[in-house]
Amino acid sequence: EGRWQATFSAEQLNGWLAVDLVENHPGQLPSAVSDPRVAIEPDRLSLACRFRQGRFNTVLSLALDAYLAEPNVVAVRIRTARAGSLPMPLEGVVTQISEAVQRAGLRIQWRQADGDPVAMISIPPHTDARGKRVEIDTFRLGQGEVHVAGTTERR
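Described below are features of the structure shown in this document. (Residues numbered from 1 in each chain as written. Predicted model: local features only at pLDDT ≥ 70, side-chain atom pairs only at ≥ 80, totals over all residues. Heavy atoms only, no water.)

**With respect to the overall build of the protein chain**
A count of helical and extended segments in the protein chain gives two helices and eleven strands. Of the regular secondary structure in the protein chain, the N- to C-terminal order runs β-α-β-β-β-β-β-α-β-β-β-β-β. Its C-alpha radius of gyration of 17 Å places the protein chain within 12% of the 15 Å reference for a compact globule of 155 residues. Considered along the principal axes of its C-alpha atoms, the protein chain spans approximately 55 × 40 × 30 Å. (Helix = DSSP H or I, 4+ residues; strand = E, 2+ residues; numbered from the N terminus. Rg over C-alpha atoms; globule rule 2.2 N^0.38 Å.)

**Digging into the pairing of strand 10 (residues 132–142)**
Bridge count for strand 10 against strand 11 (residues 145–154) is ten bridges, and the pairing is antiparallel. Bridging from a neighbouring strand, leucine 141 pairs with valine 146 of strand 11. Hairpin connection, strand 10 to strand 11: the antiparallel pair is bridged by two residues, and glycine 144 has positive phi, about 75 degrees. (Pairing = 2+ DSSP bridges.)

**Here's the deal with the nonpolar core**
Counting residues in each nonpolar core, the largest one holds 24 residues, and the members touching the most others are Leu45, Leu62, Leu64, Val76, Ile78, Ile121 and Leu141. For this core, the secondary-structure elements that each account for two or more residues are helix 1 (10–24), strand 2 (33–41), strand 4 (56–70), strand 5 (73–83), helix 2 (90–103), strand 8 (116–122), strand 10 and strand 11. Dropping the residues within four chain positions of it, valine 76 is found in contact with Leu64, Asp65, Pro117, Val118, Ala119 and Ile121. (Core = buried A, V, L, I, M, F, W, Y, C linked by side-chain atoms within 4.5 Å. Buried < 20%, exposed > 50% of the residue type's maximum accessible area, 1.4 Å probe, protein only. Contact = heavy atoms within 4.5 Å.)

**Some points on the layout of surface pockets**
Put simply, the largest pocket is a space of about 2,100 Å³. Along the wall of the largest pocket there are 44 residues; nearest its centre are Leu17, Leu47, Leu64, Ala100 and Val101. With seven residues, the top contributor of residues to the lining of the largest pocket is helix 2. In the lining of the largest pocket, the residues fall into 38 nonpolar, four polar and two charged. (1 Å grid on protein atoms, 1.4 Å probe; cavity = no way out; pocket = protein on both sides within 12 Å on 5 of 7 lines; lining within 4 Å. Points joined across faces, edges and corners; volume = space filled by probe spheres on them. Nonpolar A, V, L, I, M, F, W, Y, C, P; charged D, E, K, R; others polar.)

**Regarding helix 1**
Spacing of three or four residues puts side chains on the same side of an α-helix, whose turn is 3.6 residues. With 15 residues, helix 1 ought to run about 21 Å at 1.5 Å a step, and its terminal C-alpha atoms sit 20 Å apart, in line with that. At leucine 17, helix 1 shows its strongest bend, of approximately 35 degrees. Against the buried residues of helix 1 lie strand 1 (2–9), strand 2 and strand 11. (Expected span 1.5 Å × (residues − 1). Bend = angle between axes of the 7 residues up to and from the residue.)

**Quick word on the pattern of salt bridges**
Counted by the stated rule, this structure contains six salt bridges. With its nearest N and O atoms 3.0 Å apart, the salt bridge here joins aspartate 116 to arginine 77. One end of the pair, aspartate 116, is in strand 8; the other, arginine 77, is in strand 5, with 39 residues separating them in the sequence. For the pair aspartate 116 and arginine 77, one class covers both residues: buried. Residue aspartate 116 is joined to arginine 79 by a salt bridge in which the shortest nitrogen-to-oxygen separation is 3.5 Å. Placement of the pair is aspartate 116 in strand 8 and arginine 79 in strand 5, with a sequence separation of 37 residues. By sharing partners, the salt bridges in this structure join Arg44, Asp65, Arg77, Arg79, Asp114 and Asp116 into a single network. (Salt bridge = Lys/Arg side-chain N within 4 Å of Asp/Glu carboxyl O.)

**Let's talk about the packing of aromatic side chains**
To describe a pair of aromatic rings, one takes the distance between the centres and the angle between the planes. In total, this model carries one aromatic pair according to the counting rule given. Consider the rings of phenylalanine 51 and phenylalanine 56, whose centres lie 5.9 Å apart with planes at 70 degrees: the pair is edge-to-face. For phenylalanine 51, a relative accessible area of 16% translates into the label buried. (Phe/Tyr/Trp six-rings, centres within 6.5 Å; stacked < 30°, edge-to-face > 60°.)

Here it is in structure tokens:
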């Protein structure tokens, strides 16, 4: 109970993506997607993966801003989407993100900021098996790491 915090490095997240995701959650990525990786800078998150479908073989990348809009609501602003060096239309990216978030059982709403799509992803306050409620009140991207903090209280 009380205040908690956790910091995850890009190295730790990439290790999880390379090993645990592949071995313990094999159906979570579409079959055309492999080798997802992240790079983290202050207020900026870059995602990339290999995409192979038929004769099409490229690296897909997203440049995102991510921040906590309010407790338990993560805002993800899509800055750019690319297939190799070519810009991708954001409509398909928005659809894929919406479907993935909904499959995870979370709620998503879309907004715009200066013409960029912004996903508002609601993470319900979690109540664990011991009846403790977990709330996230801090989400911050730093140089090579993401910091998350919140509180846990008995219900």
